[in-house]
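Read off the chains here:
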Amino acid sequence: MIRFLLKRFGIMVTTLFIIATATFFLMKLLPGTPYSNPDKLSEQQIAMMNQKYGLDQPVPIQYARYMGNLIQGDLGVSLHYKGRPVSQIILERIGPSALIGFQALIFGSFIGLALGIISALKPNTLFDYGSVTLAVLGMSIPSFVLASLLQYYIGVKLKWLPPGLWESYTSSLLPSLALSVIVIATVARFIRGEMLEVLGQEYIMTARAKGVTEWGVVMRHVLRNSLIPVVTMMGPLAVGIITGTLVVEKIFSVPGLGEQFILSIMSKDYSVIMGVTLFYSALFILTVFVVDVLYGILDPRIRETEGGRT
Amino acid sequence: MNRPILAVDNLEVSFHTQSGIVDAVRGVSFSLQKGETLAIVGESGSGKSVTAKSILGLLPKQIASKRAGKIIYEGKNILEFSLRKMQALRGAEISMVFQDPMTSLNPTMTIGKQLMEGLYRHRKVSKAKAAQKAVEMLQMVGIPNAEERVNTYPHQFSGGMRQRVVIAMALACDPKILIADEPTTALDVTIQAQIMDLMRNLQKKTGTAIILITHDLGVVAKMAQKVAVMYAGEIVETGPVEDIFYRPMHPYTRGLLQSMPRLDAPRDEPLIPIPGFPPDLSHPQRGCPFAPRCAHVMKVCNAFFPLPKETHNGHMAKCWLLDERANHRDRLVRECREVSDHG
Amino acid sequence: MSMMKIPETVPDDIIEDLFVPELVRESRSEEASTPSSSPWKDAFRRLRASKGVVLSAILILIMASIAIVGPAMSKYSYDEQNLAHSNLPPKIPGLQWLGFDGKDRQDTDVYQQRNVDTAYWFGTDEFGRDLWTRVWKGMQISLFIALIAALLDLFIGVLYGGLSAYYGGRVDSAMERIIEILMGIPSLIVIVLFAIILEPGILSITLAMIITGWVGMARIVRGQILKLKVQEFVLAARTLGVSNSRIIWKHLLPNAMGPIVVNVMFDLPTAIFFEAFLSFIGLGLQAPLASLGVLINDGFKQMRMFPYKLVIPAVMISLILICFNLLADGLRDALDPKTKK
């Protein structure tokens, strides 16, 4: 188990390193430096920057400095906001994104699990067809289309929830709802498939042949075995939510990291783009790592074989 | 001894499939005495497994569209039991061992928990008692270090060991009937013999009646007192094991025996396979289902289904060749053919 | 059940003539078995049986055809401006009851008010460009990008995955390491980065999507080939001295075809989505070119005043994505009947 963890950890660090390197050199390909907007920086600031980030040095030295700073959590300074550190911008912006992200994840998983489980237990009923259709729609309709339509119909026309701006907690509800649709669809589809698969396994028949009640079969045998693989959905879900926050925050004017990312793309604020990119990648890679570890803990087969063999 | 513990009467089961309705079991009847072993033999697709599963009501409702007939257990027709009554019966009175021990155990539950599940359900015992019984059961089926092994997971066992666990699970609540659905098919040959020995010994100890589903006639000879041969969803011949092996009446049974290698046969005697394939049960044709493959086929075989013919002590077969009208007109032809078959 | 009833109907006195040997017809026993059919034929039969799949395929064909001929059906080109005809709501004579009545949100007939004779089927944008033409032109571009991306993914993925799996050993583990790391990077990030660096345009968007898109295909091909190459029919072919390339082309690839085709089918909607996504966050095509994403982005900005500008392209992209996903789902189920419950 420990060796398995170490191996996973090694892959995680390598991946992050490669992403950081690739991002750095990609950004070097782009025209412009922090000094291309001289009106935004004073002579003094430029001198300070040069000293800290070595931007007047050749590229390899810049790279070394950049990596050194990165390890200390320093992602450089914004080109657009007069030398504000990127890490500070990320910290300021992460709150609203995390709020709507987690709300969407929790609400979406809950509804998705409920829909998927009931569907699998009552296959080929009206409920099943309904939730399968809902899942296909949720997977297919792009989040920005859905979010725009939700904003227009629920926010503007029906005025049930605030359609934008970040004023009170209720402002977070519509964006969370828009984000949760992809979670609902993904989870519902996945758990339904898993449960149908498990229900067809011979050990379910063994349990029934022992006289275990249907309730007991579902609770002790089906759910446990089909919920374990759901953990693996966390990676794709993280991607779905990150992708979603970019557009959903833009649509609902949520002052989150996603909106910042798009603003930075618009204003060509490369150091912020780079920093946020690294942040998102790290988030994703960490999620995948946690999923791997969790899966190893939950599934006795992985726990033994992976831990013993690798 | 007289009243059977289980009597299946004219059982019919149909399935809905993509290619239409399949009549998988078509009027099967047999009975099982206390402590007896009945072997149900047949090719794959002959309906033997479906028969076994429908005794415990384990066929999914969406697929098994029609069930008819009677299954009498201790005087009650359990085919009409509600799910709740059936669940109380499963595992406690009648239990089942499945074919593939690799898939018939829950991979994420310790075998101890799986063993105790039935005990909790049927015997309302305390946790400590159930745990103790689980260890005892594992010892009984010959698993070493049972105290430690109860806390391990199925993947830590070999196939043979797993099948022992499955048998222990099935016997945990002292059922009166054990249905074993091809319990050794998925195992190595040497392990097969061990499992069969185990089942025989356990039967001696517990007095459980066994319904053994198999296509292996060697296993039948070793285990069973009574044999039922199934073909195309019906029992075509049934009787005591000696009669079936030494005085088979149905051409299909004879075919099965001739296609099986035997140590006591002359070395140059060839194995004779049965030509052709079992019929497609979604498109049943008139007459005897074995007629297309039968070497002794008569005109009547393609027109009418043969009536059961019973000889002494419960030896029964369904074949027109046993009809006296066939006897006097056709015996010569038939015997000539048989001689040439063996020559 | 027909057979079971027969014993009861057997007359007691069956004429004895029937008890004579019947000639054994060798062929009859073979007749009874079900006719054989190829797995692809089977899959196609299952595919046709699903109403959703058939409907999706028909809708995709219709939309693709209109995307090709649609822009020519209107007399305006996608970039032709006519400020006198700006912001006209959709009007289709004969389909007024569906909302295509040329009326704005205050229920005034804008066409009458501004004295416009031509009916713009999907309305016009703020420059007076015909939205019918622009929507179908956008669909055309989206489909084109998706097709190119899927085909290139297929090519690179099959090549990489096939080589990796076929040669195995060190080559495979080195190539697998690369894949493992690429899989760890969220593709969205890579696509956004490349979209920033490259000049926005059809080619650069496609390229950005291929950079990450082929990895999934390579994994699937590798997995399939690894599974297949240890199977006995390949071993048998090898024992008989069949050449490497023949084993790859005649034995491995045809058997791996199912998952590959399914993956291509899933690639198409993914590519359409990413293109629209990039356009929506401002990294996509530049005016006057229109993809569905660009149109949705434009429509979103004026959603409150002119909802039709958002709703029409939004419905179009949703419809094409739903159809592609349903078709891909159906194909996967049809090719792998085990997963279908």
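Residues numbered from 1 in each chain as written. Chains lettered and ligands numbered in written order. Predicted model: local features only at pLDDT ≥ 70, side-chain atom pairs only at ≥ 80, totals over all residues. Heavy atoms only, no water.

As named in an unreviewed UniProt entry, chain B is Oligopeptide/dipeptide ABC transporter ATP-binding protein, taken from Paenibacillus forsythiae. If you open the UniProt record of chain B and go to Subcellular location (unreviewed entry), you find "Cell membrane". Checking UniProt for chain B, the heading Sequence similarities (unreviewed entry) contains the comment "Belongs to the ABC transporter superfamily." (UniProt positions renumbered as here; feature names shortened; annotations may be inferred.)

Per an unreviewed UniProt entry, chain A is named Oligopeptide transport system permease protein, and its organism is Paenibacillus forsythiae. In its Subcellular location (unreviewed entry) section, the UniProt record describing chain A reads: "Cell membrane". As recorded by UniProt, the Sequence similarities (unreviewed entry) comment attached to chain A reads in full: "Belongs to the binding-protein-dependent transport system permease family."

Engineer: Quick one: what's the story with the side chain of K318 of chain B, residue by residue and with numbers?
Structural biologist: Residue and element names in this part refer to chain B. Counting through the fold element by element, K318 comes out in strand 12 (residues 316-318). Of note is the side chain of K318, whose polar atom sits 3.4 Å from the backbone oxygen of I235. Beyond its immediate stretch of four places on either side in the chain, K318 contacts G27, E234, I235, V236, H250, F305, P306, L307 and P308. (Helix = DSSP H or I, 4+ residues; strand = E, 2+ residues; numbered from the N terminus. Polar contact = N/O pair within 3.5 Å; in protein donor to acceptor, adjacent residues only side chain to side chain. Contact = heavy atoms within 4.5 Å.)

Engineer: How would you sum up the interface of chain C and chain A? Please name residues and give values.
Structural biologist: With 39 residues of chain C at the interface, the matching set in chain A holds 45 residues. A buried area of about 3,700 Å², summed over both sides, lies between chain C and chain A, and 79% of it is on carbon and sulfur atoms. Applying the counting criterion to the chain C and chain A interface returns one salt bridge. Across the pair D329 of chain C and R189 of chain A runs a salt bridge whose closest N-O atoms are separated by 2.9 Å. Linking chain C with chain A are four residue pairs in polar contact (both at pLDDT 80 or more). Mapped onto the side of chain C that touches chain A, the elements with two or more residues apiece are helix 7 (169-184), helix 8 (187-197), helix 11 (244-280), helix 12 (292-301) and helix 13 (307-335) of chain C. For the side of chain C that touches chain A, the residue count by class is 28 nonpolar, five polar and six charged. (Buried area = accessible area lost by both parts, 1.4 Å probe. Salt bridge = Lys/Arg side-chain N within 4 Å of Asp/Glu carboxyl O. Nonpolar A, V, L, I, M, F, W, Y, C, P; charged D, E, K, R; others polar.)

Engineer: Before we move on, can you summarise the UniProt feature "domain: ABC transmembrane type-1" (unreviewed entry) in chain A with the specific residues and values?
Structural biologist: In the numbering adopted here, UniProt assigns the feature "domain: ABC transmembrane type-1" (unreviewed entry) to residues 94-295 of chain A. Here residues 94-295 of chain A is 82% helix and 0% strand, with 28 Å between the C-alpha atoms at its ends.

Engineer: Would you mind going over the nonpolar core in detail, with residue names and values included?
Structural biologist: Among the nonpolar cores identified, the biggest contains 143 residues, and F144 of chain A together with F122, M139 and V192 of chain C are the most heavily contacted of them. Element by element, the count of residues in this core is highest for helix 11 of chain C, at 17 residues. Those residues within four positions of M139 of chain C in sequence are excluded, and the remaining contacts are M63, A67, L292, M316 and I320 of chain C. Among the nonpolar cores identified, the runner-up in size contains 75 residues, and I71, L281 and V297 of chain B together with F19 of chain C belong to it. (Core = buried A, V, L, I, M, F, W, Y, C linked by side-chain atoms within 4.5 Å. Buried < 20%, exposed > 50% of the residue type's maximum accessible area, 1.4 Å probe, protein only.)

Engineer: Tell me about empty space enclosed by the protein, and name the residues and values.
Structural biologist: Taken as a whole and judged by the stated rule, the model has six cavities of 30 Å³ or more. Computed from the structure, the largest cavity encloses a volume of approximately 100 Å³. Along the walls of the largest cavity sit 14 residues, with D125, L131, L295, D298 and K309 of chain C positioned nearest its centre. Each pocket or cavity is described by its volume, and for the second largest cavity that value is around 70 Å³. Every residue along the wall of the second largest cavity is listed here: H250, P251, C288, F290, A291, C294, H296, C301, P306, C319, W320 and L321 of chain B. In terms of residue class, the lining of the second largest cavity is made up of 10 nonpolar, two polar and no charged. (1 Å grid on protein atoms, 1.4 Å probe; cavity = no way out; pocket = protein on both sides within 12 Å on 5 of 7 lines; lining within 4 Å. Points joined across faces, edges and corners; volume = space filled by probe spheres on them.)

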